[in-house]
Amino acid sequence: MRQIPFAIAIRAKESLSLWHAKGWQHVYLGKNWLFNFKSKYAGRLGLIFLAVLLMVSAISVPAIQNHLEPYFSQSGRLDSIRALFLSLGGALIGATAIAFSLIMFAMQVNVERMPHGLFRKFSSDVKLLGAFASTFSLALIVTGFSLIPDKSWVTGATLATIWCSFLIILLFVLAYRRALTLISPTMQLGLVVADTKRNFKIWDRAIKRTAPLLRANANGGAEDDELRSKYDMDRVTYFQLHPNWTSSADQAISYCIAFSRRYAEQGDHEVSRVALNGIVAINALYIKIKGKTFFSNSYFFDNPLASDSFLTNTLEHLRQNIQVGISRKDEQFIEQNLHSLLQLTQLYLSIEYGDAHAARSHAHLVSGYLTSAVESVIPHDMADVLIEGVSLLGNAGRLIVLNDKPEYIATISEKIALIACTGTVNKNYRPITQVAVKQLASLTFELLRSKSLEVRYAIKEVRADVKLIAEMYLKIPDSPLTRVHSTSLAPYYSGTSNDTLMAWFTELANALSNAEPGDEAAQRVVGHIEEWADGLYQTEKELLLLAIEKKSQLTFDLVHWIVHITKLLLAVSCSDVCDDHHRDKLRRSANWLICVLSWIPDDEETIKYIETFRIADNIFESAVDAHNRGCDPEALEIRDLLFSWTRKVGKYQTGWASLETACCGLACLNLILELPDEKLFTDIDAYISKEGAPTFDIRSRSASNLHEEADKYRSGYGHGHIDMAMVHADQSRLSMLLHGIADHLCPEIHDNEIV
């Protein structure tokens, strides 16, 4: 009972906090609404307010006249107000001259901060000159009121003088703010973009007005109608008749480039960023007004309409910007230009071509400039710029996969790989390799999810590029402490992070397992996975053998990657969205991939080294996983692989109890796969009877250990998959099987015991 008031107090406090939060939420929403409202309608509301006040003043003139006229009936008072109007008007004229002299001086001292063309444009700004003319005229009006003939004019002149003085002050403020706008480089750039937009709208209206004439003069026919259904031929014709329609935009691009270089040199990179964003905005306006007049390059003939001088001019300006940044060692300026190239790539990928299957040649041109720009930074020891550049290349590749044919990323992938290889000769560039490998892993994953019908060529090219990086790094020294090979290739081969290809692929396989059977997107992804898995074993076999040869720590990652990808391929093949054709291919690819482990060289040094990675345990894990997924034929083949490994590893004293561990794994598989014991005994008899069988010492020691293992009491813990399987197996059957294996493994001891 004592806790009831305490609970009520807690609930009241929570309720009060909730209402307090809701109240502040409404306050913030109101402030945001008011800010947006002021941004959109403040000027209009101000004009309406002034108009209403002016009307009220005009209406109130007769009433005010009745009060003022008796006062000015006395002699001398009318002359006083005339003198007031004269002195006030003269003062306002002087103030106007002084104020605008200062404003124009402030404009002129900024001539060095802007291109000459813009200085002429902003110095003759219509709004600023209009404000000067208006204030001067209003001051003259006030001065003119000193000539009023009699007292009947006093009220109107007084109200007009008040309004003129108020408007003059208001125009001073507006002129000052306009001058600040014209002086501010970011505002100047905004005005440049706005003027370009206005100019493009003028051309757009002209095209629409001229279109009926162009259409009437066009040659009719089926071919012309088909062409017009794909392209806006009226617009194409108009642009050809007026080739200078982009002159204003070209000049605006030049202004933005000049701003970016000048302010980057001064260290004001915020202005240079705004200038480069202005270039992107102008290109967006250019694409919008061109509409469906873009033509793609053809492989069969040259199309003069496919070239775009405006785009080429823009790209050349950005290329020169990057060279300027390199010469100045201005890393931030270089990165800004690289970002602009990526934005242009995304922009030109959105172009509407007449043919839906046409290559996005303009976007490819931009991505080519981006690739060359990043590559040009390599000799200048700018690791941070290269890291950003490689990330941008990866983004460009993903955009192309999303919006175009996947095979066009082959060049980008190759350049990423070449840049990654620079880490083998320059230690400062090794972080770049890790970023590059992550981009290639991301490209691989995006290709698996691509909406394209086929990604075979692109995905094999990316895989070849990853192989190139791995081969180059395996040629440099490695050690267990530095782990250069593993660290550099971790985004592709590591399984210890959630931000790697293996982790992404695992999530994708889980999503496919939960997909509905008729899901077309999931079926397409399954097809892409099958294309990726085809021939995968060949690449991984070569890398594994090279890693073993170099005693690289990458061997661990490769072994676990092979085992895990095998499991994922089998998981995808068992999903409901996988048809029989893809199921057979996926399982065959999985089987070939796990069989890469059978290519491990059969020499004592190699076996001792590779046994540190528990190969038998990994093979056993794959076999059990295949059985659990209902892939018993594959499980039997992996079981044969384990037996093959037993024959290979049993010849040597590795120090890891390799022979008995492999035999325990075979025993557990016999129980799990429900195979007859005689099959295993027969295989062991054949094994020890062939050339290359283990020596008597090895067999006798392993047999003794197996007898001990058979009689051992097992707790609920184990050191690996084989140990855990032995814990959960039927202990009586497992004990009999292990004793039988030991007897067949070393029959000499068994026969002596019988005798």
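The notes below deal with the structure included here. Per-chain numbering applies: the sequence of each chain, read as written, is numbered from 1 onward. Under the rules for a predicted model, residues below a pLDDT of 70 receive no local features and side-chain atom pairs below 80 are neither given nor counted, while totals for whole chains, interfaces and linings still include all residues. As a rule here, side-chain values cover all heavy atoms of the structure and leave hydrogens and water aside.

1. Here's the deal with the overall build of the chain
Numbering goes from the N terminus for both helices and strands, where a helix is a DSSP run of H or I of at least four residues and a strand is a run of E of at least two. The secondary structure content of the chain amounts to 34 helices and zero strands. Computation of the radius of gyration draws on C-alpha atoms, with the globule rule given as 2.2 Å multiplied by the number of residues to the power 0.38. Radius of gyration (C-alpha) of the chain: 41 Å, far over the 27 Å computed for a compact globule of 755 residues. Judged by the C-alpha coordinates and their principal axes, the chain covers about 155 × 90 × 55 Å. Each residue is placed in one exposure class: buried if its accessible area under a 1.4 Å probe, protein chains only, is under 20% of its type's maximum, exposed if it is over 50%, and partly exposed if it falls in between. Going through the 755 residues of the chain one by one, you find that 47% of them count as buried. Whether two residues touch is decided by their heavy atoms; if any such pair falls within 4.5 Å, the residues are in contact. Across the chain, the fraction of contacts at a sequence separation of at least 24, relative to all contacts at a separation of at least 6, is 77%. Method for areas: the Shrake-Rupley scheme with a 1.4 Å probe, in which residue coverage is limited to the protein chains shown. Put simply, the chain shows about 38,000 Å² of open surface, and 58% of that area lies on carbon and sulfur atoms.

2. What to know about the environment of Tyr473
Within the element layout of this structure, Tyr473 appears in helix α18 (residues 456–473). What makes Tyr473 buried here is its relative accessible area of 0%. Sequence separation of Tyr473 and Asp150 is 323 residues, and the distance between their C-alpha atoms is 100 Å. Sequence-distant contacts of Tyr473, defined by excluding residues within four places in its chain, comprise Ala420, Gly423, Thr424, Arg430, Thr433, Val484, His485 and Ser488. What qualifies as a polar contact is a pair of N or O atoms within 3.5 Å, subject to a donor-acceptor requirement within protein and to the restriction that residues adjacent in sequence count only when both atoms come from side chains. There is a polar contact of 2.5 Å between the side chain of Tyr473 and the side chain of Thr433.

3. Some remarks on the packing of aromatic side chains
By convention, a stacked pair of Phe, Tyr or Trp rings (six-membered ring in the case of Trp) has centres within 6.5 Å and planes under 30 degrees apart, an edge-to-face pair has planes over 60 apart, and any other such pair is tilted. The tally for this structure, following the rule as stated, stands at 20 aromatic pairs. Centroid distance Trp163 to Phe166: 6.1 Å. Interplanar angle 85 degrees. Geometry classified as edge-to-face. Here Phe166 and Trp163 lie together in helix α6 (residues 154–183), a separation of three residues that amounts to about one turn. Using a relative accessible area of 40% as the deciding quantity, one classes Phe166 as partly exposed.

4. Quick word on the packing of helix α11 (residues 269–290) against helix α13 (residues 331–348)
For the pair α11 and α13, interaxial distance at closest approach is 10 Å and the crossing angle is 15 degrees. With respect to each other, α11 and α13 are oriented roughly parallel. The hand of the α11/α13 crossing is right-handed. Here His269, Ser272, Arg273, Leu276, Asn277, Val280, Asn283, Ala284, Tyr286 and Ile287 of α11 lie close against α13, whose contacting residues are Gln332, Phe333, Gln336, Asn337, Ser340, Gln343, Leu344, Leu347 and Tyr348. Amino acids outside the nonpolar list (Ala, Val, Leu, Ile, Met, Phe, Trp, Tyr, Cys, Pro) and the charged list (Asp, Glu, Lys, Arg) are all regarded as polar, and Gly is one of them. Per-class residue counts for the contact of α11 with α13 are nine nonpolar, nine polar and one charged. Think of each axis as a best-fit line through the C-alpha atoms, taken over the contacting stretch in the case of a helix, with angles from 0 to 180 degrees between the N-to-C directions. For classification purposes, angles smaller than 35 degrees are called roughly parallel, those larger than 145 roughly antiparallel, those between 65 and 115 roughly perpendicular, and all remaining angles oblique. Helix crossings are classified by the rotation of the near helix relative to the far one: an anticlockwise turn of less than a right angle makes the crossing left-handed, while a clockwise turn makes it right-handed.

5. So, the pattern of salt bridges
One side-chain nitrogen of Lys or Arg within 4 Å of one carboxyl oxygen of Asp or Glu is enough to make a salt bridge. For the structure shown, the criterion picks out 24 salt bridges. For Glu446, the salt bridge goes to Arg449, with nearest N and O atoms at 2.6 Å. Judged by its relative accessible area of 40%, Arg449 is partly exposed. Here Lys467 makes a salt bridge to Glu542, at a shortest N to O gap of 2.1 Å. On the criterion of sequence distance, the pair formed by Lys467 in helix α18 and Glu542 in helix α23 (residues 536–549) is long-range, its members being 75 residues apart. On the basis of relative accessibility, which here comes to 18%, the residue Lys467 falls in the buried class. Linked through salt bridges whose partners overlap, the residues forming this network are Arg639, Asp640, Lys679 and Asp683.

6. Let's talk about a nonpolar patch on the surface
Each patch groups residues whose relative accessible area exceeds 30% and which form no salt bridge, using 9 Å between like charges and 5 Å between nonpolar side chains of Val, Leu, Ile, Met, Phe, Trp and Tyr. A surface patch of nonpolar side chains, amounting to about 440 Å² of accessible area, comprises Tyr41, Leu45, Ile48, Val52 and Val56. Along the chain, Tyr41 turns up in helix α1 (residues 3–59). With relative accessibility at 35%, the residue Tyr41 sits in the partly exposed group.

7. Digging into helix α31 (residues 696–710)
Between the first and last residue of a helix there are one fewer steps than residues, each counted as 1.5 Å, and that sum is the expected span. Here α31 contains 15 residues, and its C-alpha end-to-end distance of 21 Å stays within 8% of the 21 Å for a straight helix at 1.5 Å per residue. When we look at burial in α31, the residues that qualify are Ile698, Arg699, Ser700, Ser702, Ala703, Leu706, Glu709 and Ala710.

8. Details of the nonpolar core
Judged by nonpolar contacts, the single largest core of 187 residues is most densely connected at Tyr348, Ile529, Trp532 and Ile741. Here the element with the most residues in this core is helix α24 (residues 554–573); it accounts for 11 residues. Here Ile529 is in contact with Leu448, Phe505, Leu508, Leu512, Leu569, Val572 and Leu586, once residues within four sequence places are set aside. Buried residues of nine kinds, namely Ala, Val, Leu, Ile, Met, Phe, Trp, Tyr and Cys, make up a nonpolar core once their side-chain atoms join them within 4.5 Å.

9. A closer look at empty space enclosed by the protein
A pocket here means an open set of points on a 1 Å grid, computed over the protein atoms alone, that has protein on both sides within 12 Å along at least five of seven lines. A cavity is instead a set of points where a 1.4 Å probe fits but cannot get out; residues with an atom within 4 Å of a point line either one. Grid points are joined across faces, edges and corners, and a volume is the space filled by probe spheres set on the points. Summed over the entire model, instances satisfying the criterion amount to one cavity of 30 Å³ or more. As a volume, the largest cavity reaches approximately 30 Å³. As for the largest cavity, its lining consists of Leu597, Ser598, Ile619, Leu641, Ser644 and Trp645. Take the lining of the largest cavity: its biggest share by element is three residues, from helix α28 (residues 632–649). A class-by-class count of the residues in the lining of the largest cavity yields four nonpolar, two polar and no charged.

No statement about biological role is implied by the geometric values presented.
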